[in-house]
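Examining the three-dimensional arrangement
Residue strings, one per chain:
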Amino acid sequence: MTETASERRPRRTPDGRLATAGDLLGVALAGLLCGVVILLVFEGIVALLRLSAFGDASGWLALVLPGWLFVEEFRAAGYGANRVIVAGLGAGFGLATGMTLAGLAAATFPALVSGAVGAAAGTVVYCLVWFYGLRWLRHRAG
């Protein structure tokens, strides 16, 4: 067998930020998926112990790992008003999109599913606003 040199994934810039939008989305969605799986296991245990019905927990709890990623990206972005403005915009647009989709899903699905849908939508929107917004604003500000 031959060995091939592989590039380390996810790629990072010298200052510690994720290098591409795909890397940021991939890591954030992987964290969200891990959060959902952990939440499903927790819900299964609680339902087996008959402490509550399955699906009663909020799916928004799956945002713990993506939130941690976003804090680390914010920290690695360095000092300046650019990161604060873009983080605020990303959080606002992400929350608005997530709450809208969670509200639409809440009519049909339990809190676990509707919250997870909202968390996924908010994560994707935040990633896109953060990645492209920060680069655009830094380019414009010089």
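What you are looking at is a predicted structure, and each value in this text was computed from that prediction instead of being measured. (Residues numbered from 1 in each chain as written. Predicted model: local features only at pLDDT ≥ 70, side-chain atom pairs only at ≥ 80, totals over all residues. Heavy atoms only, no water.)

1. Re the environment of Trp136
The condition that has to hold: A run of H or I in DSSP becomes a helix once it reaches four residues, and a run of E becomes a strand once it reaches two; helices and strands are each numbered from the N terminus.
In this structure, Trp136 sits in helix 4 (residues 111–141). Sequence separation between Trp136 and Val27 is 109 residues; the distance between their C-alpha atoms is 22 Å.

2. Details of the confidence of the model for the protein
When pLDDT drops low, the exact placement of atoms in the prediction is not to be read closely. Stated formally: pLDDT measures how confident the predictor is about each residue, on a scale from 0 to 100.
On average, the protein scores 89 in pLDDT, and the residues at 70 or more come to 95%. No element of the protein has a lower mean pLDDT than helix 4, at 92, and none a higher one than helix 3 (residues 81–106), at 95.

3. As for the pattern of salt bridges
Threshold: Think of a salt bridge as a Lys or Arg side-chain nitrogen and an Asp or Glu carboxyl oxygen that are within 4 Å of each other. Exposed residues in this analysis have more than 50% of their type's maximum accessible area, buried residues have under 20%, and partly exposed residues fall in between, with area computed by a 1.4 Å probe over protein chains only.
Tallied over the entire structure, the rule returns four salt bridges. Two residues, Arg11 and Asp23, come together in a salt bridge whose shortest N-O distance is 3.4 Å. Note that Arg11 is positioned in the segment before helix 1 (21–48) and Asp23 in helix 1, a separation of twelve residues in sequence. Residue classification places Asp23 among the buried positions, given a relative accessible area of 9%. Its salt-bridge partner being Asp15, residue Arg17 comes within 3.4 Å of it at the nearest N-O pair. For Asp15, a relative accessible area of 40% gives the class partly exposed.

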